[in-house]
Each structure stands twice: as structure tokens, then as C-alpha cells.
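# Secondary and tertiary structure notes
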Amino acid sequence: MDGTVSRGGSGVRAPSDAGASGGAGGSGSESQPGPRASLLMSLALALLLGALSALVMFPAARHLRSLQDGERAQATLHTAGACMTGQCEVKFEAGGRTVVADLPVGSGGGKQSVGAAVTVRYQADDPQVVAREADVGGGGAALLAWLTAGAAVLFLVLSGVAAVLGAGQRRT
């Protein structure tokens, strides 16, 4: 054969597309995940969000609060980026030397441009451990931690409901 499909009476059928049988909306089973796949995705998302909350955001909030009694310094934003994910750097004077330090995960101020004046707090014995003074209460990181924990619980509940409904459908 030359790769073409005859639509005559030869009995050869063209392969069907996923959307061909159901029109534009396509109600084929290929387009929707099964109940087990949905359950597993919800459980995986719940575990991922729970791990983010427990292993990243709660410790970040605790770290930010630990700098409340740190030394105060005037700094400039050295590298701008997504400060909430720890991609910002500040430059300041500590103990007579210039220090360039990363802001920790959970920091605010990401909308500020490079060179903006920022007040920071740092540990006297290690000036590389620094945070913006506005963030040392840990409120932003704590809020994000509670939101991700709540989302994890939501997806865990959805997984439980899906499992119960799936078990009920299998019995009937």
C-alpha cells in the first residue's frame, strides 16, 4: 500500500482521532484520567504541599523571627529577583567590611529595584545571615506556610472523598 486509506468497501478503516467520535467536545475516555489517577494526583499534590509547608515555609518563618534581635544596618538591594523564594541579595557594611548576603526564603520586597535602600537585621557573629527588618516578624512566610498547609489538607480531603465515592461506584 502507499499509505493512503481507502474509504471504499475494502474493509480498511481509518484510525479514529480522540475527538472524532464525540464531536468538538470529545467525550472519549482518552481525554479524562480515570478515578485512580485522579486520586493519586490529589494525594501527590497533598503530600507535595504538605512537604513545602512543613519543610520549607515553617522553618523559614522561624528563621526570620530569630533575627528580631539582630544587628541593624542600612543596605542596598544588590540583586533583585523573586525574594519570596530567596533569590535577592543585599549589600551592607558590618564590622567595617562590605557584605553581600542572600535574603532568606520568605522575604518580601521583590518589587523593589536594584539599588533600593533597605533596612536589614543580621547576626552579629555571622553577617551572611540577614533578613529585611520588615520581614523579621515572619508574618509573610508564616501566612504562606498556613496557606500551603491548608491546601494540603484540602487535597487530602478531596482524595478521601474521591476514594469513598470510587469505592461506592465499584460496588454498584
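See the structure shown above.
Note that the coordinates shown come from a computational prediction; the quantities given were computed from them, not determined experimentally. (Residues numbered from 1 in each chain as written. Predicted model: local features only at pLDDT ≥ 70, side-chain atom pairs only at ≥ 80, totals over all residues. Heavy atoms only, no water.)

A few words now on the overall build of the protein. Helix and strand counts for the protein stand at 2 helices and 5 strands. Tracing the protein from N to C terminus, the helices and strands come up as α-β-β-β-β-β-α. Counting over 172 residues, the protein shows a buried share of 27%. Of all intrachain contacts in the protein linking residues separated by at least 6 positions in sequence, the fraction that spans at least 24 positions is 61%. (Helix = DSSP H or I, 4+ residues; strand = E, 2+ residues; numbered from the N terminus. Buried < 20%, exposed > 50% of the residue type's maximum accessible area, 1.4 Å probe, protein only. Contact = heavy atoms within 4.5 Å.)

Right, let's talk about the sheet that holds strand β3 (residues 97–102) for a bit. If you trace the 5 strands from one edge of the open sheet to the other, you get β3-β2-β1-β4-β5, paired in antiparallel fashion. Here the strands that pair on one side only, and so sit at the sheet edges, are β3 and β5 (126–132). Adjacent strand axes in the sheet meet at a mean angle of 45 degrees when their direction is disregarded. (Pairing = 2+ DSSP bridges. Axes fitted to C-alpha atoms, helices over the stretch in contact; angles between N-to-C directions.)

Between its terminal C-alpha atoms helix α1 (residues 35–66) stretches 45 Å, which fits the 46 Å expected from 32 residues at 1.5 Å a residue. The largest bend in α1 amounts to roughly 35 degrees and is located at S53. Those residues of α1 that sit buried are S42, A46, L49, S53, M57, A60, A61 and L64. (Expected span 1.5 Å × (residues − 1). Bend = angle between axes of the 7 residues up to and from the residue.)

With that settled, the discussion passes to the nonpolar core. Judged by nonpolar contacts, the single largest core of 15 residues is most densely connected at V90, F92, L103, V120, Y122 and V130. Elements that contribute at least two residues to this core include exactly β1 (71–79), β2 (89–94), β3 and β4 (117–123). (Core = buried A, V, L, I, M, F, W, Y, C linked by side-chain atoms within 4.5 Å.)

Turning our eyes to something else, we now look at the pairing of β3. Sheet analysis places β2 next to β3, joined by 6 bridges and oriented antiparallel. Within β3, the position partnered with A94 by the bridge is R97. Taken together, β2 and the strand that follows it, β3, pair antiparallel across an intervening segment of 2 residues, in which G95 is found at a positive phi of about 65 degrees.

In this section: the side chain of S53. Looking at the element boundaries, S53 is found in helix α1. Judged by its relative accessible area of 2%, S53 is buried. Here S53 is in contact with F58, P59, A145, T148 and A149, once residues within four sequence places are set aside.

Before going further, it helps to examine the environment of T85. One can find T85 in the loop between β1 and β2. Classification of T85 as partly exposed rests on a relative accessible area of 49%. Through-space distance from the C-alpha of T85 to that of M57 is 10.0 Å; in sequence the pair is 28 residues apart.

Under the definition given, this model contains 2 aromatic pairs. Ring geometry for F92 against Y122: centres 5.2 Å apart, planes inclined by 35 degrees, an arrangement best described as tilted. Residue F92 is found in strand β2, and its partner Y122 is found in strand β4; the two are separated by 30 residues along the sequence. Each member of the pair, F92 as well as Y122, is classed as buried. (Phe/Tyr/Trp six-rings, centres within 6.5 Å; stacked < 30°, edge-to-face > 60°.)

On to the pattern of salt bridges. Where charged atoms from two side chains of opposite charge approach closely, those side chains can pair. Under the definition given, this model contains 3 salt bridges. The closest approach of N and O atoms between R72 and E133, which form a salt bridge, is 2.4 Å. Pair noted here: R72 is in strand β1 and E133 is in the loop between β5 and α2 (139–171), with a separation of 61 residues, a long-range link. Judged by its relative accessible area of 52%, R72 falls in the exposed class. For R121, the salt bridge is made with E133, and the minimal N-O distance between the two is 2.9 Å. Remark: E133 occurs in the loop between β5 and α2 and R121 occurs in strand β4; sequence separation between them is 12 residues. Taking the relative accessible area as the measure of exposure, R121 reaches 16% and is therefore buried. Judged by its relative accessible area of 23%, E133 is partly exposed. Three or more residues are tied together by salt bridges with common partners; here these are R72, R121 and E133. (Salt bridge = Lys/Arg side-chain N within 4 Å of Asp/Glu carboxyl O.)

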